[in-house]
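# Chains, contacts and geometry: an overview
Listed below are the residues making up each chain.
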Amino acid sequence: MVNKKIEVVNPQSALSGEDDIFTALSTSALLAKSAVPYSHRRIADNYVIIKRVYRFQAVQSRITNAEMQLLKKYDFNTLEYSTIKQVNEELSYLKKWSTSSNELLRKDADQLLQIRCKELKYIVASRYASVTNEIYNGYKALERYFEEISKFYTPIC
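Let me begin by describing the structure that accompanies this report. Since the model is a prediction, treat every value here as computed from it, not as a measurement. (Residues numbered from 1 in each chain as written. Predicted model: local features only at pLDDT ≥ 70, side-chain atom pairs only at ≥ 80, totals over all residues. Heavy atoms only, no water.)

When its secondary structure is counted, the chain shows 6 helices and 0 strands. For the chain, the N- to C-terminal ordering of α and β elements is α-α-α-α-α-α. A buried classification covers 40% of the 157 residues belonging to the chain. Counting contacts in the chain only where the partners sit at least 6 residues apart, residues at least 24 apart contribute 78% of the total. Entry remark: accessible area of the chain is about 10,300 Å², with carbon and sulfur atoms responsible for 54%. (Helix = DSSP H or I, 4+ residues; strand = E, 2+ residues; numbered from the N terminus. Buried < 20%, exposed > 50% of the residue type's maximum accessible area, 1.4 Å probe, protein only. Contact = heavy atoms within 4.5 Å. Areas by Shrake-Rupley, 256 points an atom, 1.4 Å probe, with all protein chains shown as cover.)

Written out as structure tokens, the structure is:
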């Protein structure tokens with residue numbers, strides 16, 4: 001008599017990764033629908049228009065050392081090594097900082113979002129080849145944030 005072990009697979013556990021990503025991306029969408037600073041809308045519109053018209057065929061440049069130092073100053077990872085949760089937290093910080101009374105903080109917040117946009121353009125232009133780990137998919141949250149801002153705040157003519 002051979003003892004066979006029967007393994008029961010929970011269908012919910014198989015989908016939990018996808019559900020987690022969906023939930024995290026919906027957080028990005030909710031961030032985009034609440035009060036968004038004008039600078040975020042401007043950057044998002046620029047990104048979405050370029051993506052629709054040019055589809056990022058040209059190779060985009062990587063971030064400079066000075067931009068990397070600004071990211072490190074605020075303890076941010078590069079976008080290709082950020083999770084969705086990290087990017088969502090960063091976006092909420094950047095939204096708060098962009099409306100701060102401190103002029104330096106506002107300037108840095110806008111510059112940080114520009115850097116994030118530049119990183120996203122590079123990742124999309126390289127067809128996500130540099131992103132090989134499924135954990136570090138924070139670029140999806142940033143892209144969703146930009147797309148939702150453009151949808152939600154598009155002026156009606």
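Once the structure has been displayed, the description carries forward.
Considering all chains together, one arrives at 6 aromatic pairs under this definition. Between the aromatic rings of tyrosine 47 and phenylalanine 146, the centroid separation amounts to 5.4 Å while the plane-to-plane angle is 45°, which identifies the pairing as tilted. Pair noted here: tyrosine 47 is in helix α2 (residues 38–54) and phenylalanine 146 is in helix α6 (residues 138–152), with a separation of 99 residues, a long-range link. We note that tyrosine 47, like phenylalanine 146, is buried. (Phe/Tyr/Trp six-rings, centres within 6.5 Å; stacked < 30°, edge-to-face > 60°.)

Taken together, the side chains of Ile49, Val53 and Tyr54 define a hydrophobic patch exposed on the protein surface, amounting to about 350 Å² of accessible area. A residue is classified by how much of its surface remains accessible, and valine 53, at 54% relative accessible area, is exposed. (Patch = residues over 30% accessible without salt bridge, like charges linked within 9 Å, V, L, I, M, F, W, Y side chains within 5 Å. Salt bridge = Lys/Arg side-chain N within 4 Å of Asp/Glu carboxyl O.)

With that out of the way, let us pick up the environment of glutamine 86. Topologically, glutamine 86 is positioned in helix α4 (residues 84–98). With 55 residues separating them in the primary sequence, glutamine 86 and alanine 141 have C-alpha atoms 9.4 Å apart. Not counting residues up to four positions away in its chain, the partners in contact with glutamine 86 are Asn77 and Tyr81. In terms of polar contacts, glutamine 86 uses its side chain to reach the backbone amide nitrogen of threonine 83, at 2.9 Å. (Polar contact = N/O pair within 3.5 Å; in protein donor to acceptor, adjacent residues only side chain to side chain.)

Before going further, it helps to spend a moment on the environment of alanine 35. Tracing the backbone shows alanine 35 in the loop between α1 (11–33) and α2. The exposed category is assigned to alanine 35, whose relative accessible area is 67%. Here the alpha-carbon distance between alanine 35 and lysine 95, two residues 60 residues apart in the chain, equals 8.4 Å.

Moving on to the nonpolar core. Membership of the largest hydrophobic core comes to 31 residues, with the highest contact counts inside it found for Trp97, Leu112, Leu120, Leu142 and Phe146. At the level of secondary structure, the elements contributing two or more residues to this core comprise α2, α3 (65–73), α4, α5 (103–125) and α6. Of the residues forming this core, the biggest block, 9 residues, is contributed by α5. In this structure, leucine 142 is in contact with Leu79, Val87, Leu91, Leu113, Arg116, Cys117 and Leu120, ignoring residues within four places of it in sequence. (Core = buried A, V, L, I, M, F, W, Y, C linked by side-chain atoms within 4.5 Å.)

This next bit is on α4. With 15 residues, α4 should cover 21 Å at 1.5 Å per step; its first-to-last C-alpha distance of 21 Å lies within 8% of that length. All of the buried residues in α4 are Ile84, Val87, Asn88, Glu90, Leu91, Leu94, Lys95, Trp97 and Ser98. (Expected span 1.5 Å × (residues − 1).)

Right, let's get into the packing of α4 against α5. When two helices pack together, their arrangement is captured by the angle between the axes and the distance separating the axes. Packing of α4 against α5 brings their axes to within 8 Å, and their N-to-C directions diverge by 140°. Pair α4 / α5 crosses with left-handed handedness. Where α4 abuts α5, its residues Glu90, Leu91, Leu94, Trp97 and Ser98 lie against Leu105, Arg106, Ala109, Asp110, Leu112, Leu113 and Arg116. (Axes fitted to C-alpha atoms, helices over the stretch in contact; angles between N-to-C directions. Left-handed = near helix turned anticlockwise from the far one by under 90°.)

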